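Single-letter residue listing:
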Amino acid sequence: MDIKIIEGLSGVLLDVALAVLPLLLFFLIFQIFFLKLPKEKVKTVIYGFIATFIGLSLFLHGVHIGFMPIGREMGKVLGELSYSWIIVPIGFLLGFVATIAEPAIKVLNKKIETVTSGDISQRAMLLTLSTGVGISIALSMLRILLGIPLLYFLIPGYTIVLILIFMSKKGFIEIAFDTGGVATGPMTVTFILSIAVGAASVIEGRDPLLDGFGMIALVALAPIISVLLFGLVFNRRKGSEQTAE
């Protein structure tokens with residue numbers, strides 16, 4: 001095995017240990033003084049920490065040796081094509097698929113379905129978020145191709161958010177802003193951002209620093225808008241059903 005791969009894995013293991021061990025320590029303190037869970041439950045929690053440590057270590061190691069390099073190379077290839085516009089629909093597709101695969105999105109959607117007693121299904125939220133993220137990444141790729149400043153997207157976007165807030169119910173406002181943070185997870189940041197930076201590095205007149213970055217800001221914005229719009233449709237439909245009854 002390549003020595004660089006081994007060194008990289010050891011660094012990842014240390015980083016994950018520093019992230020997980022404090023959480024384990026807090027759990028043990030609460031278990032001793034407050035929770036006092038039965039032994040079987042404690043064993044299950046400890047097993048969860050071990051599984052998390054192993055899974056997160058392997059994922060981050062894979063990101064460093066696979067996701068980021070291949071994403072950057074894909075971006076360069078797409079950016080050098082004579083029909084480089086293809087990066088826009090490809091960006092939408094990648095954003096849509098990456099959101100479906102995002103672990104944190106699945107956890108959030110499950111919690112939303114549980115709290116709302118099934119009124120808002122995981123499937124509906126996943127489709128809403130995936131579409132929003134896909135559109136945001138497509139716009140990011142279009143921004144790279146045309147050299148459009150980031151503020152030309154952010155200012156109108158957050159203006160729309162402010163308008164929608166006054167039209168939405170509080171529950172959907174809280175959900176919307178949480179989804180904005182969750183959508184910018186490891187799948188998007190590691191793979192798709194690498195594609196954007198790679199494309200910006202080969203497209204004439206583009207700067208990887210100025211044009212390649214900024215995509216995450218749009219990814220954080222798009223789910224907020226999509227969820228608030230979903231909330232308006234959901235509340236209107238629910239109101240119509242109640243009226244019909």
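Note that this is a predicted model, so its numbers are computed, not measured.

Chemist: Provide a residue-level description of the pattern of salt bridges, including the pertinent values.
Modeler: Considering all chains together, one arrives at two salt bridges under this definition. Taking the shortest distance from any N to any O, the salt bridge between Lys-43 and Glu-40 comes out at 3.9 Å. Of the two residues, Lys-43 and Glu-40 are both situated in helix H2 (residues 39-80); the distance of three residues between them amounts to about one turn of the helix. A salt bridge links Lys-76 to Glu-73; the shortest N-O distance between them is 3.9 Å. Within this pair, Lys-76 and its partner Glu-73 are both found in helix H2, separated by three residues, close to a single helical turn.

Chemist: Please provide a residue-by-residue account of the packing of aromatic side chains, values included.
Modeler: Throughout the structure, instances matching the rule amount to eight aromatic pairs. Ring centres 5.4 Å apart and planes at 45° place the aromatic pair Phe-30 and Phe-34 in the tilted group. Of this pair, Phe-30 and Phe-34 both sit in helix H1 (residues 3-35), separated by four residues, roughly a single helical turn. A relative accessible area of 59% means that Phe-34 is categorised as exposed. Ring geometry for Phe-67 versus Phe-191: centroids 5.5 Å apart, planes at 50°, classification tilted. Of this pair, Phe-67 sits in helix H2 while Phe-191 sits in helix H8 (residues 186-202), and the two are 124 residues apart along the sequence.

Chemist: Residue-level account of the packing of helix H5 (residues 122-146) against H8, with values.
Modeler: Helix packing for two helices is described by the angle between their axes and how far apart those axes are. Taken N-terminus to C-terminus, the directions of H5 and H8 make an angle of 20°; their axes are 10 Å apart at the nearest point. In terms of orientation, H5 lies roughly parallel with respect to H8. The chirality of how H5 crosses H8 is right-handed. For the pair H5 and H8, contact is made by Ile-137, Met-141 and Ile-144 and by Thr-188, Ile-192, Ile-195, Ala-196 and Ala-200, respectively. Here the residues of the contact of H5 with H8 sort into seven nonpolar, one polar and no charged.

What counts and what doesn't
Residues numbered from 1 in each chain as written. Predicted model: local features only at pLDDT ≥ 70, side-chain atom pairs only at ≥ 80, totals over all residues. Heavy atoms only, no water. Salt bridge = Lys/Arg side-chain N within 4 Å of Asp/Glu carboxyl O. Helix = DSSP H or I, 4+ residues; strand = E, 2+ residues; numbered from the N terminus. Phe/Tyr/Trp six-rings, centres within 6.5 Å; stacked < 30°, edge-to-face > 60°. Buried < 20%, exposed > 50% of the residue type's maximum accessible area, 1.4 Å probe, protein only. Axes fitted to C-alpha atoms, helices over the stretch in contact; angles between N-to-C directions. Parallel < 35°, antiparallel > 145°, perpendicular 65-115°, else oblique. Left-handed = near helix turned anticlockwise from the far one by under 90°. Contact = heavy atoms within 4.5 Å. Nonpolar A, V, L, I, M, F, W, Y, C, P; charged D, E, K, R; others polar.

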